[in-house]
Amino acid sequence: MFREILALLWVAAFGFALLVTYFLVADRSPREALRRIPFFDALVGALALAMEAGWGVHQGLGTGRLWGDEGAAGFAGLTALEGMGRMALRGDHPPQSSAGGGLLTLLAFNRWRMLYRSAARVPDVFPFQIPGMLPWGYTAGVLAFAEGNTEQAGFIGHYGAEAGLLTESAPRVLAASEDPSTQALLYAVADHTLVGEEVFASGAYLENGPSHVASLIVQDVFRILVLLALLAAPLVALLGGGG
Amino acid sequence: MKLSLSTAVAIGVGLVVLVAWFVPLPLLVSLRVLFLDWAVLLAAAALLLVFLYLVLDQFRATLRRRPGWPYRLLAAMTAVVTFVVLSLPQGEAAAPWLLRFFIVPASATLLGLVAVVLTYRMLWFPWRRGGRGTLFFLTLMGVTVLYLLYAWNPRLPGVALLWTWIEQVVTRAGVRGLLLSMSLGILALGLRLLGGAERPYEGS
């Protein structure tokens, strides 16, 4: 029970720090606090080309479930989709997007519906497809519909080994997953990828909201705390005579 | 920040599930189980909806003779037949058969293609990533050769020691570092959802 209470206190402290930081950064322009990540530069650059020159851009969310680690990556993909969609609806060529999981797909549909509503526009067809419902089916579907009409594809969500094939769906591919093995694979095959917790930074870079930026700051502070605890633990054990 | 009914429900349910996870009081735990059961039902309903949409979309594309319509028709018909067969009273018996003769061979074929893609993309890696890429590529080749030596003869002097050190110290330290930072990212995302700062269910 002691461990559970300790974990709850850890979560509560994280939440409190998040709240305090949110109010501290809410009135400032937080973009300067962010370091450059080439992945997001390329994502926004391609979107600008899509809006200006009609470039074919595809944004994939994968087929992950919406709980556990997979869910976190799915939500990060949804945040990226919202950020890109909001920018793209200022022009005439929104990026094509796709998802395959049940809840993830419904939420992505919902995002597009809300984006169009907030832009006061009515689409002929939502720029959204369901290429398949399982990872390999989704991959085959994306390869089929992206062939020849997509200059850049971006994938943020839960992906496994199939991500290797997804990099063949466009001449330029940006891809990110929360799975460490997939991150290693993508580092080798994708043009740009995100490493570690960068996957969850999409909101801060594409939406630039204070809650997203506050998250990044608090994560950095807590990472240092964890690091100090990791360094202190063996020292304490050593000085205390082990045990 | 405007608080709608759906946001209030999401925050309330989320808080109960989170607290019950850490403080297992009987009332909280039974509420947690109830909410999670509802979530599973909703997730299944969502999956069914998406399946129906997918099949109807493929049939629609076939009727409009969109590019690749024969494949779309085949995919839709296969999906319908599979769904009907598995829904029959004795249909579950067909599941291992479908898995063995359709899904596993198709997945294995695509996995084979991944191996080819990985190989040639890896060979291009130094050119795509410049100097740092070359260093990474050479390091990777060195580790691969070391592993091949280890697999060939684990008794070669120094090889087992070096390989074990790379596998158990360097790799594990790297993966743990990644997991640690990602867990903080997931925690932040979860708290943003729980606090209603992100509302994918209503389109913030």
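Residues numbered from 1 in each chain as written. Chains lettered and ligands numbered in written order. Predicted model: local features only at pLDDT ≥ 70, side-chain atom pairs only at ≥ 80, totals over all residues. Heavy atoms only, no water.

Enquirer: Quick rundown of the pattern of salt bridges? Include the residues and the values.
Expert: All names here are of chain A. For the coordinates displayed, the defined rule picks out 10 salt bridges over all chains. With its nearest N and O atoms 2.4 Å apart, the salt bridge here joins Glu-82 to Arg-86. Here Arg-86 and Glu-82 lie together in helix H3 (residues 68-88), a separation of 4 residues that amounts to about one turn. Classification of Glu-82 as buried rests on a relative accessible area of 2%. A salt bridge links Asp-220 to Arg-223, with the shortest nitrogen-to-oxygen separation between them at 2.8 Å. Separated by 3 residues within a single helix, Asp-220 and Arg-223 lie in helix H9 (residues 210-239), roughly one turn from each other. Overall, Asp-220 belongs to the partly exposed group, its relative accessible area being 41%. Here the residues in one salt-bridge network are Glu-82, Arg-86 and Arg-111, joined through shared partners. (Salt bridge = Lys/Arg side-chain N within 4 Å of Asp/Glu carboxyl O. Helix = DSSP H or I, 4+ residues; strand = E, 2+ residues; numbered from the N terminus. Buried < 20%, exposed > 50% of the residue type's maximum accessible area, 1.4 Å probe, protein only.)

Enquirer: Give a description of the environment of Val213(A) that names residues and reports values.
Expert: Residues and elements named next belong to chain A. Within the secondary structure, Val-213 is located in helix H9. Under the relative-accessibility criterion, Val-213 is labelled buried at 1%. In the structure, Val-213 is positioned 12 residues away from Ala-201 in sequence and 8.3 Å away in space, judged by C-alpha atoms.

Enquirer: I'd like a description of the pairing of strand E5 (residues 172-176) of chain A, backed by residues and values.
Expert: All names here are of chain A. Counted residue by residue, E5 has 4 buried out of 5 residues, so it is predominantly covered. Here strand E4 (residues 152-158) runs beside E5; their pairing, made up of 5 bridges, is parallel. Within the sheet, the bridge partner assigned to Phe-155 lies in E5 and is Ala-175. Crossover handedness for the path E5 to helix H7 (residues 180-189) to strand E6 (residues 192-193): right-handed. (Pairing = 2+ DSSP bridges. Right-handed = clockwise from strand over helix to strand, strands pointing away.)

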